[in-house]
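One letter stands for each residue in the lines below.
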Amino acid sequence: MGRQDALFEYLLRLGDSALVLAQRLGEWTGKAPIIEEDLATANTALDLIGQARMWLAYAGEVEGKGRDEDRLAFLRDASDFRNVLLVEQPNGNFADTIARQFYFDAWNVRALDALRGSTDARVADIAGKSLKEARYHFERSADWVVRLGDGTDESRAKMQAAIDDLWTYTGELFAADEVDRILAESGVGFDPGSLHAPWMDAVKQVLDEATLVAPAAGYMQRGGKQGVHTENLGYLLAEMQFLQRAYPGGQW
Amino acid sequence: MYAQLVDTGAKRVQSLEELSPEDRAFQERIDAGVKIEAKDPMPESYRRTLVRQISQHAHSEIVGMLPEGNWITRAPTLKRKAILLAKVQDEGGHGLYLYSAAETLGVSRDQMIADLHAGKAKYSSIFNYPTLSWADVGCIGWLVDGAAIINQIPLCRCSYGPYARAMVRVCKEESFHQRQGYDIMLALARGTAEQKAMAQEAFNRWWWPALAMQGPPDKDSVHSAQSMAWKIKLFSNDELRQKWLDQTVPQAHYLGLTVPDPDLAWNDETGHWEHGPIDWDEFYRVIKGDGPCNRDRLRARVKAWEDGAWVREAAVAHAEKRAARERVKAA
């Protein structure tokens, strides 16, 4: 694989993960437990769409086939999406949504921080712009893990179940493949494995404070970064892409 | 409008001579343009009417998140998705400031929400219509928020200070909302034949409810007269409707849309547009609960509230634990 192809793949991974998570968060609109959280959820979704747009616009330029952010978002099928499996998991209850966000935010903060030093100026710029938002997202999701974990018996049980259920999708964040290796070598990206220990420390610290038990190491699902997804993604895309698919070629 | 048919408890407006000395003093302050603040003395009927009006307005913002939220996951481009998310988020923010403004009158947000869920408090009839296509999102911004601005700009000068100040902030954002709606319609109007048809079809459905939403004609509106005496309503329903009509018809023509009213006509003498008869039976039917979406909207709100109960309880329990630990540390 050439460096340009690897960079394209890499940018899709970043952009698609942000986009798919934003899409999931958008499903909460008007349905959150309290109005303040409706606003905070929408705000996080907005930040992530902003990040997705920057990554995907750059991906389109790197690919050089005239695909812009919208053609990439709305006219690719599931097997061409490169998001991690974690973000496509359904919203479930509020604890499930928070656990998904917490695992992702704890990774995103560290990934963006590493990418700020990228040898690719555009990557470094996008990462720098997004990091402040990601730090705030992590603060919020970690705060909710603590409140729900160390809240009532019911909330602790739900938060623990969510933390356990999604654990299997966290390993993929740290598993390197050829794309990761090419980009790490050229200094555009980073070695995903290097984020594992700091991520685990941060996660464990929050789980401790939340009186929750960190899941035992177990089998880790993977495939999203290579385009092999869970069944959930197809439905998400069917909904998201409906207008562009039903009215081809329209300007909106 | 966002607050429709607000009951003032009045059968007719009393003249200054008929009022008790306290109520007369209050009315004279209003007439002199003095702003009433939360701690000021006020007649109970004024306080109750404002609670109804502001809470209806707040509920409309919150329930209004549902029809537009319905299209966030299906917005056609990433930019449109971001704009719509920001817009719906603003509506939730408006709900929050309005609940806070109502709380200054001695009623809690939880109580207001309980009244909404019990069907005791109303929200604007307009949100009981469905959003069936992407063009509906455009129509809500353009027509509904357009009507809201016309109603709400005068409220920035209303007699109750906390409400007037909340409206200043709300109005700034509403004008952005109206532009985003119009911009969606403009893109459709310049689009393919299918997109133009989508725009016209949605416009046909929203036209009459939007025209009716300022409320019944002045001649049928006792409460309006009392609210106007209190300066918590500054223009009559018919005046507001006329302003909206005069503003909206040329915009519809610019978009190449046909207004679905065969009687619509320009009156050269008055310099105003005139519309055909509004179906007030439909308006009252929707207010009373038989609009296309009344049941779904309320059910969605109640479900969100009930599903979230354990989260709110956990947040309270955690805050109590934390406070207890702080006390132990301090001791």
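To keep things clear, this report deals only with the structure shown in the data block. Note that the coordinates shown come from a computational prediction; the quantities given were computed from them, not determined experimentally. (Residues numbered from 1 in each chain as written. Chains lettered and ligands numbered in written order. Predicted model: local features only at pLDDT ≥ 70, side-chain atom pairs only at ≥ 80, totals over all residues. Heavy atoms only, no water.)

Here the structure, examined in full by the defined rule, presents 22 aromatic pairs over all chains. Ring centres 6.4 Å apart and planes at 65° place the aromatic pair tryptophan 71 of chain B and tryptophan 134 of chain B in the edge-to-face group. Placement of the pair is tryptophan 71 of chain B in the loop between helix H3 (65-69) and helix H4 (78-103) and tryptophan 134 of chain B in helix H6 (residues 134-155), with a sequence separation of 63 residues. Classification of tryptophan 71 of chain B as buried rests on a relative accessible area of 1%. The ring of phenylalanine 138 of chain A has arginine 110 of chain A lying over it, and the distance from NZ or CZ to the ring centre is 6.0 Å. Looking at lysine 243 of chain B, its charged tip hangs above the ring of phenylalanine 235 of chain B, at a distance of 4.2 Å from the centre. (Phe/Tyr/Trp six-rings, centres within 6.5 Å; stacked < 30°, edge-to-face > 60°. Helix = DSSP H or I, 4+ residues; strand = E, 2+ residues; numbered from the N terminus. Buried < 20%, exposed > 50% of the residue type's maximum accessible area, 1.4 Å probe, protein only. Lys NZ or Arg CZ within 6 Å of the ring centre and 35° of its normal.)

This paragraph deals with helix H6 (residues 121-149) of chain A. An ideal rise of 1.5 Å per residue puts 42 Å on 29 residues; H6 of chain A measures up with 41 Å between its terminal C-alpha atoms. In this structure aspartate 120 of chain A caps H6 of chain A, since a side-chain oxygen of it lies 3.0 Å from the backbone nitrogen of arginine 122 of chain A. (Expected span 1.5 Å × (residues − 1). Polar contact = N/O pair within 3.5 Å; in protein donor to acceptor, adjacent residues only side chain to side chain.)

Let us look at the packing of helix H2 (residues 44-63) of chain B against helix H7 (residues 161-189) of chain B. All names here are of chain B. Two elements in contact, H2 and H7, have axes whose closest approach is 13 Å; the angle formed by their N-to-C orientations is 25°. With respect to H7, the element H2 is oriented roughly parallel. Regarding H2 and H7, the two cross each other, and that crossing is left-handed. On the side of H2, the interface is formed by Leu50, Gln53, Ile54, His57 and Glu61, while H7 contributes Tyr163, Met167, Val170 and Glu174. Its residues assigned to classes, the contact of H2 with H7 comprises five nonpolar, two polar and two charged. (Axes fitted to C-alpha atoms, helices over the stretch in contact; angles between N-to-C directions. Parallel < 35°, antiparallel > 145°, perpendicular 65-115°, else oblique. Left-handed = near helix turned anticlockwise from the far one by under 90°. Contact = heavy atoms within 4.5 Å. Nonpolar A, V, L, I, M, F, W, Y, C, P; charged D, E, K, R; others polar.)

The next thing to look at is the environment of glutamate 201 of chain B. Residue and element names in this part refer to chain B. Topologically, glutamate 201 is positioned in helix H8 (residues 193-212). Here glutamate 201 falls in the partly exposed class, since its relative accessible area comes to 40%. Here the alpha-carbon distance between glutamate 201 and leucine 132, two residues 69 residues apart in the chain, equals 9.9 Å. A polar atom in the side chain of glutamate 201 sits 2.8 Å from the side chain of arginine 205.

Time to look at the packing of H4 of chain B against H7 of chain B. All names here are of chain B. Here H4 crosses H7 at 160°, and the two axes come no closer than 10 Å. Classed by the angle they form, the pair H4 and H7 counts as roughly antiparallel. With respect to the hand of their crossing, H4 and H7 are arranged in left-handed fashion. Looking at the contact of H4 with H7 residue by residue, the classes come out as 12 nonpolar, three polar and eight charged.

Here the focus is the interface of chain A and chain B. The parts lose accessible area when they come together, and the size of an interface is often stated as this lost area. On the chain B side, the residues contacting the 49 residues of chain A number 46 residues. Summed over both sides, the interface between chain A and chain B buries roughly 4100 Å², with carbon and sulfur atoms accounting for 67% of that surface. Here chain A and chain B share four salt bridges between them. Aspartate 150 of chain A serves as the salt-bridge partner of lysine 321 of chain B, at 3.1 Å between the closest nitrogen and oxygen. Breaking the side of chain A that touches chain B down by element, the ones donating at least two residues are helix H1 (3-26), helix H2 (35-63), helix H3 (69-74), helix H5 (94-115), H6, helix H7 (153-166), helix H10 (232-240) and helix H11 (242-246) of chain A. The leading source of residues in the side of chain A that touches chain B is H2 of chain A, at 11 residues. (Buried area = accessible area lost by both parts, 1.4 Å probe. Salt bridge = Lys/Arg side-chain N within 4 Å of Asp/Glu carboxyl O.)

The next point concerns the state of the cysteines. Residue and element names in this part refer to chain B. If you walk through the whole model with that rule in mind, you get zero disulfides over all chains. The thiol of cysteine 156 is unpaired, and the distance to the nearest cysteine sulfur, on cysteine 171, comes to 3.8 Å. Here cysteine 158 is not disulfide-linked; the sulfur of cysteine 156 is the nearest cysteine sulfur, at 8.2 Å. (Disulfide = S-S within 2.5 Å.)

Residue position: lysine 172 of chain B is located in helix H7. Separated by 19 residues in the primary sequence, lysine 172 of chain B and isoleucine 153 of chain B place their C-alpha atoms 9.3 Å from one another.

For the rest of this paragraph, the subject is unusual backbone geometry. Positive phi values are uncommon outside glycine, yet threonine 211 of chain A reaches one of about 60°. Note on placement: threonine 211 of chain A falls in the loop between helix H9 (196-209) and H10. With a phi angle near 55°, lysine 231 of chain B is a residue other than glycine that sits in the positive phi range.

Residues and elements named next belong to chain B. Tallied over the entire structure, the rule returns 36 salt bridges over all chains. Across the pair aspartate 136 and arginine 205 runs a salt bridge, and its minimum N-O distance is 2.7 Å. Of this pair, aspartate 136 sits in helix H6 while arginine 205 sits in helix H8, and the two are 69 residues apart along the sequence. On the basis of relative accessibility, which here comes to 0%, the residue aspartate 136 falls in the buried class. With a relative accessible area of 25%, arginine 205 lands in the partly exposed category.

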